[in-house]
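Remarks on the overall topology
Residues per chain are reported as follows:
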Amino acid sequence: MSYLDLQRLRAEGQAFMEAISRESYLAYAGHKKTAELQPIYQQYDRVLGPEALELTLDAFRSAAEGTEEKRSARLLLEWEIESQAAKPLAALDEREIAWENTAVIRSPDGQVVQYQAAPIEIANTRDRAARLALDAARAKLVKNEHAPMRLERLQREKDYIESLGIGRDYNSSFEAMTGISLENLADNCDRFLRDTKSMWDDTLRGVLRSSLGIKPSEAKRSDALALFRASEYDDAFPGREMEATIRRQVTEMGIDPTANGRITFDVGEREGKRSRAFCSPVRVPEEVYLVLRPHGGQSDYNTFLHELGHALHFGYASPDYSFEFRWLGDNSVTESYAMLFDHRMQDRGWLLRYSKLGTNHVQKFLRTAGLEELHYLRRYCAKLMYERMLYSGDVPWSELPDLYVSLLSSATGFEYDPADAFVDVDPGFYSARYLRAWQLQSILNEELTSRFDVDWFRNPSAGPWMVGELFSRGQRENAEEIAARAGTNKLSFKPLIRKIEGLLEA
Ligand SMILES: [Zn+2]
């Protein structure tokens, strides 16, 4: 075996990431029937072997705090551990994907629904009794078949990370690797839930009565899906025009939506193509795919804008950066750029210019958007608090479903089902990245507004600024450092609360 140093690890690591990303793109876009990931793991065995882990651990431990070496080593170590953990879990993931692709739900009235399509089907079921029955059938299938698979995966992931001895347990290992304090974030979430509780209770009570005709004590999670489906706005967001409209917006912002041809919009109909839009960075920044099947409707626009934010971030990353700054890092950053775009769906000026809502409907749409934003934030705060308990090991696995129901139900006002306690988990605290992205996104929106005015999304100077100050820097910096450059020394929920209050009063 030849000698492995950091330079080789970077080169081989990049080749490995490109191979995995290309394979996933081909499978999810319907170019291939399945993703064959195992052969890639075998081919790049050395990148994920004990020697590579030792090398990155050494680099991390020996680099002095505050240096560029430490910054690199932290990103490489975090990636090395995540990839090492993913390798033994790949077989479980393949089993789960195969199950999800074939599982069907049979409701008591004889309806047969694909498991993957259940959330959409539930959201679209206007008759409440039928909706609850379908969700009960879904929960039963989850409890018997899906939850045991996810529980096994979570337990193995936790055991593996703890076996590396980076921290005394899973949570402290995560904190040591990422530099993110879960305790601070959970405290922030707890405070956010208390600060917005009366605003949420008051708003929800009225909406449940007027939209669904039910009392707060009756509301179930499946009612939330139906409430936020808001199909009355579908015509304002036509699928046929979506790509051209949003490309026009990016062009008006002063940048090329294809990043000079590096981003490919894969919009063709193809069997096996996923219905939700996604972004695949196959080579960063040279080859990025934005894959979608335009259906129309507000959630389709939302997803497309979100994935476009990721695509522009990858497509405009500086080619001079090392592997770790282009490919790795704090995903709160890329998620915040994605959210900066999807939050235009809460922006009056954007909606009036690029949707067909018109001045008559925009007011009511913004109130619904505020309600939805507050709901998802409260849900994610509760999720983070729950996931922190789950990975801590302080609560026995058997008692987690009750904790899940109590935390999620009280935060959202919708009663959750214990069956979802292991399925509704973002592995590896991705929920923490989303929450930090939410915070950073609101800071960046305020920064863009102060520099380029409220309609920064069509200011030809805003795009080049975003490329120069944000996108080109990959994820070399973490969310706190980018917030600091925007003049805010702490990530917080405060600007989000201000924004939501404004939307609900619209
Ligand atoms: Zn995203």
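Look up a bit, the structure's there.
The shown structure was predicted, so the numbers you read here are calculated from the model rather than taken from an experiment.

Each value, and the rule that gives it
Residues numbered from 1 in each chain as written. Predicted model: local features only at pLDDT ≥ 70, side-chain atom pairs only at ≥ 80, totals over all residues. Heavy atoms only, no water. Helix = DSSP H or I, 4+ residues; strand = E, 2+ residues; numbered from the N terminus. Rg over C-alpha atoms; globule rule 2.2 N^0.38 Å. Contact = heavy atoms within 4.5 Å. Areas by Shrake-Rupley, 256 points an atom, 1.4 Å probe, with all protein chains shown as cover. Lys, Arg positive; Asp, Glu negative; His and termini not counted. Charge placed at Lys NZ, Arg CZ, Asp CG, Glu CD. Phe/Tyr/Trp six-rings, centres within 6.5 Å; stacked < 30°, edge-to-face > 60°. Buried < 20%, exposed > 50% of the residue type's maximum accessible area, 1.4 Å probe, protein only. Lys NZ or Arg CZ within 6 Å of the ring centre and 35° of its normal. Axes fitted to C-alpha atoms, helices over the stretch in contact; angles between N-to-C directions. Parallel < 35°, antiparallel > 145°, perpendicular 65-115°, else oblique. Left-handed = near helix turned anticlockwise from the far one by under 90°. Donors = N, O, S within 2.8 Å, 3.2 Å for Na, K, Ca; no water. Salt bridge = Lys/Arg side-chain N within 4 Å of Asp/Glu carboxyl O.

Topic: the overall build of the protein chain
- Counting secondary structure elements, the protein chain contains 21 helices and five strands.
- At 23 Å, the protein chain has a C-alpha radius of gyration in line with the 23 Å of a compact globule built from 506 residues.
- Relative to all contacts within the protein chain whose residues are 6 or more apart in sequence, the contacts with residues 24 or more apart total 76%.
- Here the protein chain has roughly 21,800 Å² of accessible surface; of this, 49% comes from carbon and sulfur atoms.
- Taken together, the 65 basic and 79 acidic charged side chains of the protein chain have centroids lying 3 Å from each other.

Things to note about the packing of aromatic side chains
- For the coordinates displayed, the defined rule picks out 28 aromatic pairs.
- Taking the centre distance of 6.0 Å and the plane angle of 55° together, the rings of tyrosine 170 and phenylalanine 429 count as tilted. Note that tyrosine 170 is positioned in helix H7 (residues 170-178) and phenylalanine 429 in the loop between helix H17 (400-412) and helix H18 (430-452), a separation of 259 residues in sequence.
- Look at tyrosine 170 and you get buried, because its relative accessible area is 4%.
- Classification of phenylalanine 429 by relative accessible area gives buried; the value is 0%.
- Joined through ring pairs, the aromatic side chains of Tyr170, Phe174, Tyr391 and Phe429 make up one cluster.
- Above the ring of phenylalanine 60, the side-chain terminus of lysine 70 is found at 4.3 Å from the ring centroid.

What about the packing of helix H1 (residues 6-28) against helix H4 (residues 68-102)?
- Running from N to C, H1 and H4 cross one another at 50°; their axes reach a closest spacing of 12 Å. As the angle between them shows, H1 and H4 are arranged oblique. The way H1 lies across H4 gives a crossing that is left-handed. Across the interface between the two elements, Leu6, Leu9, Arg10, Gly13, Phe16 and Met17 from H1 touch Ser72, Leu76, Trp79, Glu80 and Ser83 from H4.

Observations concerning the coordination of the zinc ion
- Within the protein, the zinc ion binds to His306 (NE2), His310 (NE2) and Glu335 (OE); these donor distances fall in the range 2.1 to 2.2 Å.
- Linear spacing of the donor residues for the zinc ion on their chain is H-x3-H-x24-E. On the criterion of helical spacing, the pair formed by histidine 306 and histidine 310 is a turn pair, its members being four residues apart in helix H12 (residues 298-315).
- When its relative accessible area of 13% is taken as the criterion, histidine 306 is described as buried.

Describing the pattern of salt bridges
- Summed over all chains, the structure comprises 50 salt bridges.
- Residues arginine 270 and aspartate 266 are paired through a salt bridge, measuring 3.1 Å at the closest nitrogen-oxygen approach.

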